[in-house]
Amino acid sequence: MIPLGRRVSAEALGSAALAAIVIGSGVMAERLSGGNDAIALLANTLATVAGLYALIVAFASISGAHFNPLVTLTCVVRRELQLGDALAYVLAQVAGMLIAVVLVHTMFGLPTWLPSTTMRAGWAQVLSEAVATFMLLLSIHATRRRSTESAAAAIAATIAAGYWFTASTSFANPAITLARSLSDSFAGIRAVDVPLFVFGQTVGAALAVLCLPRLFGDLEAVTHMPVGESQRGR
């Protein structure tokens, strides 16, 4: 068993890197797209997917590369991770992503405190987040016994699809949702819209916990579940 300190450090570092990739690429995409939202979304998608794949491959063998509180809590429900360890994971994920916001703003010469003004409201967005989170957990469970590279590719591909087939562009991760509310960019979300996004994500995760055993049967128990942000990234 890898010591908890190393696993928590991996979650913090990986979560920070994921948030920096998602938010930073959103800032850069907005600056270079000339107001073309489709180009900006494509650039944000490609950066997130590439970064997510690399981070899963890098950290899966240490912490499982969760980078997402709902993935971690799903592991607790499935008795694959102790509650105390899971709480440490979640704190590390949130802290890492919040630190990443400051890092991105500093890199791009933006004010440290720059809350998002991007509106993402309505029940269609909530439904989209539920679907996106369910699909993310589906891809994780479906590939968990394959090689790390294969699982990482499938998870990253799910996130890429989610950017384009959901109305919310597939956040699927409460920690990245909170972080993105603190950065006013193409990848942002108003703070007032965060609770409903997290509600949709939680509903999607709960449905996944109920449905996945019926789809895949009694999966072989593992200590860590590989994933990446929702994560998402976007």
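Computed from a prediction, not measured in an experiment: that's the story for all the values here. (Residues numbered from 1 in each chain as written. Predicted model: local features only at pLDDT ≥ 70, side-chain atom pairs only at ≥ 80, totals over all residues. Heavy atoms only, no water.)

Digging into the overall build of the protein chain
Then comes step 1: The helix and strand inventory of the protein chain stands at eight helices and zero strands.
Then comes step 2: Seen in sequence order, the protein chain has helices and strands lined up from the N terminus as α-α-α-α-α-α-α-α.
Then comes step 3: In terms of overall size, the protein chain behaves like a compact globule, its C-alpha atoms giving a radius of gyration of 16 Å where 234 residues would be expected to give roughly 17 Å.
Then comes step 4: The principal-axis extents of the C-alpha atoms in the protein chain amount to approximately 50 × 35 × 30 Å.
Then comes step 5: Evaluated residue by residue, the protein chain yields a buried proportion of 53% over its 234 residues.
Then comes step 6: Accessible surface for the protein chain amounts to roughly 9,800 Å². Of this, 69% is attributable to carbon and sulfur atoms.
Then comes step 7: Averaging the locations of the 14 positively and 12 negatively charged side chains of the protein chain gives two centres separated by 3 Å. (Helix = DSSP H or I, 4+ residues; strand = E, 2+ residues; numbered from the N terminus. Rg over C-alpha atoms; globule rule 2.2 N^0.38 Å. Buried < 20%, exposed > 50% of the residue type's maximum accessible area, 1.4 Å probe, protein only. Areas by Shrake-Rupley, 256 points an atom, 1.4 Å probe, with all protein chains shown as cover. Lys, Arg positive; Asp, Glu negative; His and termini not counted. Charge placed at Lys NZ, Arg CZ, Asp CG, Glu CD.)

Details of helix α4 (residues 83-107)
One turn of an α-helix holds 3.6 residues; hence residues three or four places apart share an orientation.
Then comes step 1: Counted at 1.5 Å a residue, the expected span for α4 with its 25 residues is 36 Å, and the 36 Å between its end C-alpha atoms agrees.
Then comes step 2: Along α4, the residues classified as buried are Asp85, Ala86, Tyr89, Val90, Ala92, Gln93, Gly96, Met97, Ala100, Val101, Val104 and His105.
Then comes step 3: Those residues of α4 that are buried are in contact with α1 (4-32), α3 (69-77) and α7 (174-180).
Then comes step 4: Where α4 ends, the next residue or the one after it, glycine 109, has phi of about 70°, a positive value. (Expected span 1.5 Å × (residues − 1). Contact = heavy atoms within 4.5 Å.)

Focus on the packing of aromatic side chains
Within a pair of aromatic rings, the relevant descriptors are the distance that separates the centres and the angle that separates the planes.
Then comes step 1: All chains considered together, the criterion is met by three aromatic pairs.
Then comes step 2: Ring centres of tryptophan 123 and phenylalanine 199 lie 6.4 Å apart, and the angle between their planes is 85°; on these two criteria the pair is classed as edge-to-face. Note that tryptophan 123 is positioned in helix α5 (residues 123-143) and phenylalanine 199 in helix α8 (residues 194-216), a separation of 76 residues in sequence.
Then comes step 3: For tryptophan 123, a relative accessible area of 58% gives the class exposed.
Then comes step 4: Among the residues examined, phenylalanine 199 registers a relative accessible area of 45% and is labelled partly exposed.
Then comes step 5: Ring centres of phenylalanine 171 and phenylalanine 197 lie 5.0 Å apart, and the angle between their planes is 75°; this geometry places the pair in the edge-to-face category. Residue phenylalanine 171 is found in the loop between α6 (148-165) and α7, and its partner phenylalanine 197 is found in helix α8; the two are separated by 26 residues along the sequence.
Then comes step 6: Phenylalanine 171 sits in the buried class, given a relative accessible area of 0%.
Then comes step 7: Sitting above the plane of the phenylalanine 171 ring, arginine 180 keeps its charged end 3.5 Å from the centroid. (Phe/Tyr/Trp six-rings, centres within 6.5 Å; stacked < 30°, edge-to-face > 60°. Lys NZ or Arg CZ within 6 Å of the ring centre and 35° of its normal.)

Section: the nonpolar core
Then comes step 1: Leu18, Leu52, Ile56, Phe59, Met97 and Leu137 are the most contacted members of the largest nonpolar core, which has 44 residues in total.
Then comes step 2: When residues of this core are traced back to their parent elements, those giving at least two are α1, α2 (37-59), α3, α4, α5, α6, α7 and α8.
Then comes step 3: If you tally residues by element for this core, the top one is α1, at nine residues.
Then comes step 4: What leucine 137 contacts, discounting residues up to four positions off in sequence, is Val71, Thr74, Ala205, Ala208 and Leu212.
Then comes step 5: Judged by nonpolar contacts, the second largest core, of six residues, contains Val8, Leu81, Tyr89 and Ala92. (Core = buried A, V, L, I, M, F, W, Y, C linked by side-chain atoms within 4.5 Å.)

So, the confidence of the model for the protein chain
Then comes step 1: Averaged over the protein chain, the pLDDT score is 93; the fraction of residues at 70 or greater is 93%.
Then comes step 2: Confidence drops under a pLDDT of 50 for residues 219-226, and excluding neighbours within four residues, the segment shows 30 contacts in the predicted structure. (pLDDT = per-residue confidence, 0-100.)

Brief notes about the environment of valine 94
Then comes step 1: Within the secondary structure, valine 94 sits in helix α4.
Then comes step 2: Given the relative accessible area of 24%, valine 94 is considered partly exposed.
Then comes step 3: Taking the C-alpha atoms as reference points, valine 94 and glutamate 11, 83 residues apart in sequence, are found 9.5 Å from one another.
Then comes step 4: Those residues in contact with valine 94, other than ones at most four positions away along the chain, are Ala175 and Leu178.

Notes on the packing of α1 against α4
Then comes step 1: Running from N to C, α1 and α4 cross one another at 35°; their axes reach a closest spacing of 7 Å. Like other packed secondary-structure pairs, α1 and α4 cross with a definite hand, here right-handed.
Then comes step 2: Counted by class, the contact of α1 with α4 contains 16 nonpolar, four polar and three charged residues. (Axes fitted to C-alpha atoms, helices over the stretch in contact; angles between N-to-C directions. Left-handed = near helix turned anticlockwise from the far one by under 90°. Nonpolar A, V, L, I, M, F, W, Y, C, P; charged D, E, K, R; others polar.)

Observations regarding the pattern of salt bridges
Then comes step 1: This structure, assessed with the given rule, holds four salt bridges.
Then comes step 2: Salt-bridge contacts for glutamate 80 lead to arginine 78; the nearest nitrogen and oxygen are separated by 3.2 Å.
Then comes step 3: What emerges from the salt-bridge pattern is a single network uniting Arg78, Glu80 and Arg144. (Salt bridge = Lys/Arg side-chain N within 4 Å of Asp/Glu carboxyl O.)

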